[in-house]
Structures are given as structure tokens and as C-alpha cells.
Amino acid sequence: MRRLLVLLLLSFFVTLNAATTITEDFENNSFAGWSTTDGTLSIQTQGTQVLDFHPTSTNVQQNFEKTYNLGFVPNSEVNVSFDVWTNGGWEGPNEANEDFGYVALNDVYILNGEHIPGATDGSIDIIFNSYTITGTVDANGDLKLLLGIDVSTTDEYVQIDNITITGTAKTPPIMGDVPDQFLALGQAYNFDLSSFVTLTE
């Protein structure tokens, strides 16, 4: 009777998807991770807690942003939704002092100098809108959300809330009977299972 050790190499491609939703609603009175060099950020109340951005200049794009370290599947698609209140009497199309909004995901502009729906001649003090947009996370699976405004007076400002990001998260399950092996999405692996497979004769 001879016992022969057989080297078994398995090469395979693994696709494991897990839909994941990340939310931020500012109810904890924190806006950690948000930054701006163009104005001031604070938590205010608009029925619920919201992130408030007041600009310091006029007639120029001014931004605030946050990078979400999501760990999603690299370069995968995400859906982003959020609520917006534009305050202070924004002007719409064909007005002398038109005001504009901007949204970018990882520096790709989804809204680039858009008029705010409902903005007319500046007579409406507060305008509410909800947005849902689609973009792509970066090579690390992270997402930078940038919002900007271009307004004619510093009394015109913006508030946001109920940010929801839905995408595909990495799922590293344990490889069954193969100890200490984990899978990352979209990767190919070679496993040496020689210590687990034998032939006898």
C-alpha cells in the first residue's frame, strides 16, 4: 500500500455581492468628516437636524464635501439620495440674479450649475427638493460627495439631510474547510490544498 500526496491547485473567480446602504441624518448633532474652505458649516433645525452651509462670497461656486470610506467593490456603481432646503429666496432662470447648485461624486459632476426646481424671482423663502443620483466609487471603494452653490447674496444658503448611499460591499466569507482563507470580491485565487487531499492504493 502506498500513500501518495497529490498537489491540488484550484483556480477560480469569485463574485460575491452584498447590497449595503449607508445613511447620515445629523440627528447626533455631528457633521464629522465634512469640510469647506468657502463658507461655514453648522447643525441647524429644519423640522429635524440638518447640515447648514452658509457661503462667504457671491457669484462664484462655493463647495462643501465629505469622503465616505465605504469599502465598496472598487469602481462599482452607487445610488445617492438626499434632501435639500434652499433658503433666503433663490432666483431661477431668466432672473437678474440667478442662483445655481452643484453636485459631484468623486469629482464627476452630476449637477453642474443647475437651477433649483421651484426657484423663481426670489420671493419664496424656503424651497425643498429631494435628489437621487448615480455615480461610481473610486478604486478603494470610497466616495467623495461634493455639493456647491453659486448665489447672488450671502443670505442665500443651503441645508441638506437624509443622505443615503446604496452600493455593493465587499463580503469576505471564510472558505469552508480551508482554514484562514478569505475571499475579496472580484479576485482570482490559487489555493494549495495538498495537505487536505491524498490518494491511496
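It should be noted that the structure appears before, not after, this text.
In this report, we go over the structure that sits alongside the text. (Residues numbered from 1 in each chain as written. Predicted model: local features only at pLDDT ≥ 70, side-chain atom pairs only at ≥ 80, totals over all residues. Heavy atoms only, no water.)

Description of unusual backbone geometry
Piece 1. Here the phi dihedral of Phe26 falls at roughly 65°; this positive angle occurs in a residue that is not glycine.
Piece 2. Even without being glycine, Asp107 reaches a positive phi, approximately 70°.
Piece 3. Asp107 gets classed as exposed once you look at its relative accessible area, which sits at 53%. (Buried < 20%, exposed > 50% of the residue type's maximum accessible area, 1.4 Å probe, protein only.)

A closer look at the pattern of salt bridges
Piece 1. A complete count under the given rule lists 2 salt bridges for this structure.
Piece 2. With a shortest N-O distance of 3.1 Å, Lys66 and Glu24 are connected by a salt bridge. Highlighted residues: Lys66 in strand β6 (residues 62-68) and Glu24 in strand β3 (residues 18-24), separated in sequence by 42 residues. Pair check on accessibility: Lys66 and Glu24 agree, each one buried.
Piece 3. Across the salt bridge formed by Asp107 and Lys144, the nearest N and O atoms sit 2.7 Å from each other. (Salt bridge = Lys/Arg side-chain N within 4 Å of Asp/Glu carboxyl O. Helix = DSSP H or I, 4+ residues; strand = E, 2+ residues; numbered from the N terminus.)

So, the packing of aromatic side chains
Piece 1. Applying the stated criterion across every chain yields a total of 6 aromatic pairs.
Piece 2. Between Trp34 and Phe64 the ring centres are 5.8 Å apart and the planes differ by 45°, which places this aromatic pair in the tilted class. Taken together, the residues Trp34 in the loop between β3 and β4 (39-46) and Phe64 in strand β6 connect sequence positions 30 residues apart.
Piece 3. We classify Trp34 as buried; its relative accessible area is 7%.
Piece 4. Centroid distance Tyr102 to Tyr109: 6.3 Å. Interplanar angle 80°. Geometry classified as edge-to-face.
Piece 5. The class for Tyr102 is buried, based on a relative accessible area of 11%.
Piece 6. Residue class for Tyr109 comes out partly exposed when judged on its relative accessible area of 34%.
Piece 7. Taken together, Trp34, Phe53, Phe64 and Tyr68 form an aromatic cluster joined through their ring pairs. (Phe/Tyr/Trp six-rings, centres within 6.5 Å; stacked < 30°, edge-to-face > 60°.)

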